[in-house]
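Tertiary structure, described
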Amino acid sequence: MTVDIDHIIQKSQEACASAGVKLTTKRKNVLIVLLRSSIPLSAYEIVERYKVQLNETLPVMSVYRILDFLIHEKLVHKLETASLYIACAHIACDHQHETPQFLICDRCHSVKEIGIKKDVMAELARGIQNTGFTLAYQQLELHGLCNRCQNGSI
């Protein structure tokens, strides 16, 4: 799958402008590092790739602040189970985003982002509410093997 990074960056800049915030050069470059990666990255891996790709150093604390911004603007997701980051697969889409669900391959570390339908999330919320539990986070991460790894293509 090829990614049109220029188009995604343009859409990201438009989304940020609509929200009244700015996609600065460093924020944009961190997003580009994630878009160029076929697997999710840690903050330290982003620092390393940033230096290689842009010939510029960026402190890890700056990367964490940038990631917080990108997550807040729904341009990046944090995979909580692995503490890794991935660009949102739906940045350039014009449709309403659903709750993200990530299918994480435990062999090749690829991640597929799919949306969970609103009626499914509503049913889950009802079940959770009946327990008295307050849900703070609505993202699902499921681990297994992708189709390529199941078929031995790797």
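Source: prediction; values computed, not measured. (Residues numbered from 1 in each chain as written. Predicted model: local features only at pLDDT ≥ 70, side-chain atom pairs only at ≥ 80, totals over all residues. Heavy atoms only, no water.)

For helix α1 (residues 5-19), with 15 residues, the first-to-last C-alpha span of 21 Å sits near the 21 Å given by 1.5 Å per residue. When α1 is considered as a whole, its buried residues turn out to be I5, I8, I9, S12 and C16. Seen along its axis, α1 keeps its buried residues to an arc of 100°; they face one direction. Away from the buried face of α1 by more than 90 degrees, exposed residues D6, A17 and S18 are located. (Helix = DSSP H or I, 4+ residues; strand = E, 2+ residues; numbered from the N terminus. Expected span 1.5 Å × (residues − 1). Buried < 20%, exposed > 50% of the residue type's maximum accessible area, 1.4 Å probe, protein only. Arc of directions from axis to C-beta.)

Turning next to the pattern of salt bridges. A pair can form between side chains of opposite charge whenever their charged atoms are brought close. Under the definition given, this model contains 1 salt bridge. With a shortest N-O distance of 2.6 Å, R126 and E123 are connected by a salt bridge. You can see R126 and its partner E123 sitting in helix α5 (residues 118-129), 3 residues apart, about one turn around the helix. (Salt bridge = Lys/Arg side-chain N within 4 Å of Asp/Glu carboxyl O.)

Moving on, we come to the sheet that holds strand β5 (residues 140-144). Reading across the sheet, the 3 strands line up as β4-β3-β5 and stay open at both edges, with mixed pairing between neighbours. Either end of the sheet is taken by a strand with one partner, and the two such strands are β4 (111-116) and β5. Mean inter-strand twist for the sheet, computed between neighbouring axes without regard to direction, equals 25°. Where strand β3 (residues 99-105) and β5 come together, 5 bridges link them in parallel fashion. Each bridged residue has a counterpart across the sheet, and for L103 the counterpart in β5 is L142. (Pairing = 2+ DSSP bridges. Axes fitted to C-alpha atoms, helices over the stretch in contact; angles between N-to-C directions.)

Let us look at the domain arrangement of the protein chain. By domain assignment, the protein chain separates into domain 1 (5-87) and domain 2 (100-151). Each partner contributes residues to the interface: domain 1 has 10 residues there, and domain 2 has 12 residues. When domain 1 packs against domain 2, the two sides together hide about 750 Å² of surface, and 59% of this comes from carbon and sulfur. Looking only at domain 1, the three residues that lose the most surface to domain 2 are H77, L79 and T81, adding up to 50% of its buried area. Our count for the domain 1 to domain 2 interface comes out at 0 salt bridges. Put simply, domain 1 and domain 2 have 5 residue pairs in polar contact (both at pLDDT 80 or more) between them. Elements with a contribution of two residues or more to the side of domain 1 that touches domain 2: β1 (76-79) and β2 (84-87). Looking at which element gives the most residues to the side of domain 1 that touches domain 2, the answer is β1, with 3 residues. Across the side of domain 1 that touches domain 2, the residue classes break down as 5 nonpolar, 3 polar and 2 charged. (Domains from an automatic or database assignment. Contact = heavy atoms within 4.5 Å. Buried area = accessible area lost by both parts, 1.4 Å probe. Polar contact = N/O pair within 3.5 Å; in protein donor to acceptor, adjacent residues only side chain to side chain. Nonpolar A, V, L, I, M, F, W, Y, C, P; charged D, E, K, R; others polar.)

A few words now on the packing of helix α2 (residues 25-36) against helix α4 (residues 60-72). Where α2 contacts α4, the two axes come as close as 10 Å, and the packing angle between them is 80°. Between α2 and α4, the angle is such that the two are roughly perpendicular. Contact residues: K26, R27, V30, L31 and L34 in α2; I66, L67, F69 and L70 in α4. Its residues assigned to classes, the contact of α2 with α4 shows 7 nonpolar, no polar and 2 charged. (Parallel < 35°, antiparallel > 145°, perpendicular 65-115°, else oblique.)

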